[in-house]
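Next come the chains, spelled out residue by residue.
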Amino acid sequence: MTTDQGGTVATVTYRDAVRMALQDALRRDPRVFLMGEDVGRYGGCYAVSKGLLDEFGPERIRDTPLSEGGFVGAGIGAALGGMRPIVEVMTVNFSMLCLDQILNTAATLRHMSGGQFSVPLVIRMATGAGRQLAAQHSHSLENWYAHIPGIRVLAPATVEDARGMLWSGLVDPDPVIIFENVMLYNMSGELAEDAGGVAIDRAALRRRGRDLSLITYGGSLWKTLGAARQLAGEGIEADVIDLRSLRPLDDATIMESVARTRRAVIVDESWRSGSLAAEITARIVEQCFWSLDAPVARVCTAEVPIPYPKHLEDAALPQPAAIVAAARAVMGR
Amino acid sequence: MTTDQGGTVATVTYRDAVRMALQDALRRDPRVFLMGEDVGRYGGCYAVSKGLLDEFGPERIRDTPLSEGGFVGAGIGAALGGMRPIVEVMTVNFSMLCLDQILNTAATLRHMSGGQFSVPLVIRMATGAGRQLAAQHSHSLENWYAHIPGIRVLAPATVEDARGMLWSGLVDPDPVIIFENVMLYNMSGELAEDAGGVAIDRAALRRRGRDLSLITYGGSLWKTLGAARQLAGEGIEADVIDLRSLRPLDDATIMESVARTRRAVIVDESWRSGSLAAEITARIVEQCFWSLDAPVARVCTAEVPIPYPKHLEDAALPQPAAIVAAARAVMGR
Amino acid sequence: MTGKIQAKAHLTRERVCELLRSLLRIRRFEEKCAELYTTEKIRGFLHLYIGEEAIAAGIIPVLEPQDAVVATYREHGHALARGIAMGPLMAEMFGKQEGCSRGRGGSMHVFDAATRFYGGNAIVGGGLPLAVGLALADRMQGRNNVTACFFGEGAVAEGEFHESMNLAALWRLPVLFVCENNLYAMGTALAISESETDIHRKAESYRMPAAVVDGMDVIAVEAAGRKAIELVRGGAGPAFLECRTYRFRAHSMFDAQLYRSKDEVEAWREKCPIEHLKTWALGAGLLHAEETAQIEGEVAREVAAAVAFAEAGTWEPVGDLARDVHSPGALA
Amino acid sequence: MTGKIQAKAHLTRERVCELLRSLLRIRRFEEKCAELYTTEKIRGFLHLYIGEEAIAAGIIPVLEPQDAVVATYREHGHALARGIAMGPLMAEMFGKQEGCSRGRGGSMHVFDAATRFYGGNAIVGGGLPLAVGLALADRMQGRNNVTACFFGEGAVAEGEFHESMNLAALWRLPVLFVCENNLYAMGTALAISESETDIHRKAESYRMPAAVVDGMDVIAVEAAGRKAIELVRGGAGPAFLECRTYRFRAHSMFDAQLYRSKDEVEAWREKCPIEHLKTWALGAGLLHAEETAQIEGEVAREVAAAVAFAEAGTWEPVGDLARDVHSPGALA
Ligand SMILES: Cc1ncc(C[n+]2csc(CCOP(=O)(O)OP(=O)(O)O)c2C)c(N)n1
Ligand SMILES: Cc1ncc(C[n+]2csc(CCOP(=O)(O)OP(=O)(O)O)c2C)c(N)n1
Ligand SMILES: [Mg+2]
Ligand SMILES: [Mg+2]
């Protein structure tokens with residue numbers, strides 16, 4: 001296949017795209033290394049880094065002991081010391097153990113030192129539910145991270161972003177957290193073979209409608225697009241916004257859409273109370289109140305630790321049917 | 001002094017009120033014990049537990065090593081084992097180190113075990129800025145905790161609540177987090193000598209107005225009441241709601257007020273993005289949209305790690321002037 | 001092997017049969033689980049204990065009913081050894097409401113109040129502080145109980161291990177820390193995760209008594225476990241037991257096992273705790289071939305009944321989704 | 001005292017004067033800080049190093065300029081010993097933009113890129129992983145640097161200590177861990193926080209070489225520090241040095257010191273590192289009384305100049321509030 005520009009296009013999984021991004025970064029910049037639990041010999045908990053150990057060796061594909069606080073802190077130190085570490089925290093569920101280092105050190109060092117030091121660190125974490133991993137392995141804590149000044153938070157939802165955001169994150173002189181939703185790893189998409197970094201400042205309008213704005217990110221993008229297709233069948237045409245960057249939020253893209261559609265539904269896999277969806281609702285109200293024809297609605301995860309059985313897990317998470325129902329309600333149907 | 005009911009009233013500090021609550025709980029229930037860094041011999045980082053060691057001894061006023069994850073986890077285990085632990089985490093800034101235990105164990109045990117176990121644990125934490133303690137000691141992360149299903153989160157703003165919420169929290173069979181704002185410890189107020197537990201389910205209307213609703217909690221209550229007095233001088237009469245419970249939120253009290261005043265400003269010492277103020281905004285929009293005469297406004301902390309110098313710290317935090325300005329804007333003045 | 005010689009004196013034919021049954025119940029239960037995973041009756045992460053059975057089977061029966069057990073996501077063996085019935089355990093694996101955690105937990109979150117079985121923790125190291133607290137509660141309430149806390153050698157690198165070891169030793173709490181050293185944490189070999197690979201030596205730095213035992217030898221484990229539990233119950237404070245073992249299967253059902261050789265796995269399979277016990281007991285005249293067959297038959301029937309129980313189990317209604325987040329009546 | 005005897009051979013009069021000056025600069029600077037705290041020129045938490053000066057003064061000058069230092073909230077001594085000028089340091093205490101952290105950090109957050117001084121960390125134990133990472137970066141980039149990481153004995157109980165020790169030892173990184181054991185963590189005595197009170201013995205469980213030294217004796221500290229730094233720079237991996245010391249003052253300015261007796265404090269004051277050095281050096285003929293007086297005078301003038309510098313410093317405009325949250329141009 002070829003792109004419009006005549007480049008070659010291949011079908012790759014999200015997992016492959018992340019691996020390609022890692023490979024590219026490791027080849028391009030000798031200061032880059034990957035560190036985390038089982039990134040090397042095991043090939044990564046979600047098989048993302050499979051094969052990299054052979055190409056780059058154990059110094060640059062560095063298996064760590066189970067010490068999230070220790071090795072994330074070591075990543076911060078290594079970044080200070082001139083390296084460009086990519087630290088993998090197996091999943092966001094375990095990141096509680098390194099949150100002190102992220103909040104109190106990585107995010108504050110530049111400020112506390114009066115601008116003397118920066119921390120060019122990228123932390124990758126898997127996030128999200130859907131694999132029946134139950135209450136300790138199914139969190140979506142994106143909003144906790146999006147609350148922290150001094151870091152950038154990214155949520156690639158497409159293979160292109162999975163491929164491109166890592167490099168852009170490495171170029172950023174400040175700490176960047178990248179959330180990879182576990183349900184996306186097996187998803188396939190088309191990717192130009194010469195695909196590289198992508199802009200990370202803007203949200204993307206993944207579908208253009210006119211009747212309402214569906215605003216989402218990460219794993220929920222695909223459910224939301226599915227809901228939008230179903231709504232189209234009912235004559236409701238939705239904008240679908242993929243936030244891409246969760247901190248900072250791209251207010252301009254959100255407000256442009258909402259000002260046009262006058263209605264918004266936010267889809268967010270976090271627990272409802274204190275979710276990122278609340279922040280987006282607040283911003284819409286602050287910036288677009290007079291354009292709104294209906295209250296902003298949220299489709300979030302039920303406020304329960306995620307249960308193990310499939311039917312209960314499904315019931316807890318945002319699903320296309322709930323998105324459709326919320327959209328209809330906002331449309332007054 | 002005497003109360004309406006003829007009881008005696010004394011003027012006490014917030015610090016005293018917390019100490020009285022601890023004393024009362026320790027006397028009343030042999031299963032209660034206090035554990036944390038420097039709660040015993042030092043008398044508590046903020047002198048809250050001064051004197052308790054003498055009365056209750058080192059088993060029940062238990063100084064711990066610097067091991068936040070360890071002793072909070074031990075508190076969870078002790079609660080499971082039939083005790084009623086009160087665990088003090090010196091300040092919320094250090095609670096990153098025990099968040100794994102709170103989120104992944106305390107908040108989920110009941111659910112994961114299918115209802116077999118409950119965790120009757122109270123965790124007290126100081127919170128907030130204002131003492132020039134800079135970027136690693138000035139956090140307000142209430143919304144992180146308010147995001148977690150399975151726990152209750154309280155924020156006593158008055159001496160009465162400082163005295164009463166602890167006992168009510170201990171009676172609750174599930175984990176309860178109590179946030180004590182560091183700027184309140186020296187504040188005095190009147191307290192009935194026979195004061196005991198207080199209801200913890202409802203927000204309190206601390207001032208009744210008619211023109212707009214000022215919604216706040218914890219340390220910001222007093223700044224907000226100050227702003228309300230100033231607004232009254234300008235002819236703007238504000239309701240002031242003290243949330244008291246941050247999880248669950250008392251939607252009924254909030255909505256009753258906003259439906260009446262048709263305008264709301266939320267004052268929250270958290271960083272603005274991802275704040276509890278966003279959640280309250282979202283709920284007001286969801287439940288009161290058609291009653292609103294103006295966009296809901298937020299007065300929050302600037303999105304910077306808190307700087308050390310007084311003038312910059314003051315500038316970063318919500319102040320009465322900013323509350324007044326936001327209220328005026330919402331009133332269209 | 002000294003453990004075995006010492007212990008031999010106490011060993012009756014009956015006890016040998018019990019141990020064999022205990023090992024086999026775990027083994028056959030888990031073999032069935034693996035099978036049911038491929039047919040998607042069991043989902044999520046499934047971590048098998050196969051190869052390591054001698055540890056749970058050796059130590060847990062030595063505990064008293066009022067003692068407490070804290071385990072990890074690799075806890076089916078501990079649950080069975082502790083006396084959780086196989087039916088509810090299997091139903092839990094299926095996610096049925098007849099499961100021991102009412103289906104909410106699944107393989108990684110097995111709980112049982114009746115036997116003081118506190119999980120079932122899927123955060124590596126997360127159970128250790130809990131064990132410290134359970135022991136603290138026992139001590140403060142004057143109960144002479146022991147809390148046995150099981151964890152892998154991978155957990156030793158975590159901060160929560162360190163904090164818990166210090167707290168338990170400092171406060172002289174009745175915890176038995178059992179490190180199941182199976183040489184790998186997922187794909188990370190011990191030498192890649194610890195600068196000191198003699199794990200039990202770490203206990204010294206907390207002034208905690210420690211021992212190491214062949215974790216493939218149920219009789220040795222039992223002897224070492226008994227000694228340690230007596231020590232702990234005697235009021236000497238916590239103790240540490242490192243059991244050297246090996247998992248025969250993959251870490252979980254998603255694991256290509258690129259990190260170790262087939263030869264290494266084969267060499268360890270030679271040390272299978274079940275074969276080991278059988279061979280020795282047959283040789284020592286403490287077991288007859290017919291007994292083995294009889295136990296195998298009984299265990300097979302128990303497993304089949306457990307599967308039938310789980311199959312017959314019911315799904316919790318979706319309307320109950322919000323149940324057990326809070327205690328009844330605690331929150332609106 | 002063996003350290004002193006061994007070290008004596010190398011000691012010139014010049015070196016003795018340098019050491020004395022280094023100790024005095026810290027002492028007088030901090031005495032002035034305490035005074036300025038009562039007049040509210042300095043705010044927030046202020047943790048004085050008084051009594052412990054021999055550690056920073058003994059070890060830090062042995063480092064090379066390209067080495068790195070990581071310290072805690074009790075870091076004025078380290079900052080001065082490392083060569084951060086007294087004026088900018090005092091201006092930082094005031095919160096003026098002429099401060100070494102542009103006033104943003106204050107007493108607990110002293111930083112200096114020029115001398116590779118990485119703070120100034122107010123989270124107990126928080127600096128240790130940072131030191132591991134700095135050393136890792138040096139190693140991966142082929143620089144033969146050492147990272148010296150200072151922390152109190154209270155930090156030893158934290159999980160981050162454990163994780164960092166293991167990582168440094170496992171990866172054989174060039175870190176010198178310096179534990180400033182002043183017997184108390186706020187009001188918590190060592191025996192109440194650690195089951196093993198011989199802190200340096202904890203290093204063994206990571207297979208890390210360790211030593212203990214009298215932290216009140218600058219010459220002994222220097223000798224031990226030199227030996228340890230040579231070891232680390234030689235590529236042997238990390239090393240651990242426990243310095244036994246005492247803080248003469250309160251933990252911070254809010255501390256009634258209920259947890260220790262006046263007698264105990266007095267007994268330790270007798271071991272004052274400054275008096276100790278003076279007495280010994282005068283006796284050994286390596287110092288004259290006039291030199292002492294001269295150094296005192298110079299230090300007093302330096303402190304006065306630093307205060308004047310800080311007083312003359314300016315407040316950052318409020319309009320700059322959002323500065324340095326992100327790198328310039330990095331975020332909208
Ligand atoms: C805090 C945390 N980090 C990472 C993981 C992912 N993880 C699950 S099991 C495991 C390996 C644990 O190894 P070990 O403690 O030796 O136990 P074993 O699985 O060998 O029984 C890892 C890394 C986790 N569950 N929790
Ligand atoms: C993680 C964390 N917990 C608690 C505190 C509060 N705190 C500040 S200093 C201190 C005592 C530390 O003692 P030690 O490590 O011995 O250092 P010292 O102050 O004696 O130099 C405590 C408990 C903190 N800053 N960080
Ligand atoms: Mg293992
Ligand atoms: Mg100390």
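Residues numbered from 1 in each chain as written. Chains lettered and ligands numbered in written order. Predicted model: local features only at pLDDT ≥ 70, side-chain atom pairs only at ≥ 80, totals over all residues. Heavy atoms only, no water.

## Points about the UniProt feature "domain: Dehydrogenase E1 component" (unreviewed entry) in chain C
Here is step 1: Mapped onto this numbering, the UniProt entry annotates "domain: Dehydrogenase E1 component" (unreviewed entry) at residues 24-312 of chain C.
Here is step 2: Secondary structure over residues 24-312 of chain C splits into 46% helix and 11% strand, and the C-alpha atoms at its two ends are 24 Å apart. (UniProt positions renumbered as here; feature names shortened; annotations may be inferred. Helix = DSSP H or I, 4+ residues; strand = E, 2+ residues; numbered from the N terminus.)

## Considerations on the site of ligand 1
Here is step 1: The environment of ligand 1 is formed by 22 residues, the closest being A:Glu68, C:Tyr73, C:Arg74, C:Gly154 and C:Asn182.
Here is step 2: Neighbouring residues of ligand 1 are distributed over chains A and C.
Here is step 3: In this structure, a nitrogen atom belonging to ligand 1 sits 3.0 Å away from a main-chain N or O atom of C:Val124.
Here is step 4: In this structure, an oxygen atom belonging to ligand 1 sits 2.8 Å away from a main-chain N or O atom of C:Gly154.
Here is step 5: Notes on ligand 1: free accessible area 580 Å², of which the protein chains cover 97%.
Here is step 6: Partitioned by chemical class, the residues of the shell around ligand 1 number 12 nonpolar, five polar and five charged. (Near = heavy atom within 4 Å. Polar contact = N/O pair within 3.5 Å; in protein donor to acceptor, adjacent residues only side chain to side chain. Areas by Shrake-Rupley, 256 points an atom, 1.4 Å probe, with all protein chains shown as cover. Nonpolar A, V, L, I, M, F, W, Y, C, P; charged D, E, K, R; others polar.)

## Here we look at the interface of chain B and chain C
Here is step 1: With 44 residues of chain B in contact, the opposing surface of chain C contributes 40 residues.
Here is step 2: Between chain B and chain C, roughly 3,300 Å² of surface is buried when both sides are summed, and carbon and sulfur atoms account for 62% of that area.
Here is step 3: Ranking the residues of chain B by area buried against chain C places B:His111, B:Met112 and B:Phe117 at the top, with a combined share of 17%.
Here is step 4: Taken together, the connections running from chain B to chain C amount to two salt bridges.
Here is step 5: The interface formed by chain B and chain C contains 21 residue pairs in polar contact (both at pLDDT 80 or more).
Here is step 6: At the level of secondary structure, the elements contributing two or more residues to the side of chain B that touches chain C comprise strand E2 (32-36), helix H2 (52-60), strand E3 (61-63), helix H3 (68-80), helix H4 (99-106) and helix H5 (109-112) of chain B.
Here is step 7: Sort the elements by how many residues they give to the side of chain B that touches chain C and H3(B) lands first, with 10 residues. (Contact = heavy atoms within 4.5 Å. Buried area = accessible area lost by both parts, 1.4 Å probe. Salt bridge = Lys/Arg side-chain N within 4 Å of Asp/Glu carboxyl O.)

## Things to note about the pattern of salt bridges
Should their charged atoms come close, side chains of opposite charge can pair.
Here is step 1: One pass over the full model with this rule turns up 118 salt bridges over all chains.
Here is step 2: Salt-bridge contacts for B:Arg27 lead to B:Glu55; the nearest nitrogen and oxygen are separated by 2.7 Å. With B:Arg27 in helix H1 (residues 14-28) and B:Glu55 in helix H2, the pair connects residues that are 28 residues apart, well separated along the chain.
Here is step 3: For B:Arg27, a relative accessible area of 54% corresponds to the exposed category.
Here is step 4: Classification of B:Glu55 by relative accessible area gives partly exposed; the value is 37%.
Here is step 5: Where D:Asp198 meets D:Arg244, a salt bridge forms, and the shortest distance between an N and an O atom there is 2.9 Å. Residue D:Asp198 is located in the loop between helix H8 (190-193) and helix H9 (201-204), and its partner D:Arg244 is located in strand E7 (residues 239-244); the two are separated by 46 residues in the primary sequence.
Here is step 6: D:Arg244 gets classed as partly exposed once you look at its relative accessible area, which sits at 31%.
Here is step 7: Sharing partners across several salt bridges, the network here consists of A:Arg110, D:Arg102, D:Arg104, D:Glu316, D:Asp320, D:Arg323 and D:Asp324. (Buried < 20%, exposed > 50% of the residue type's maximum accessible area, 1.4 Å probe, protein only.)

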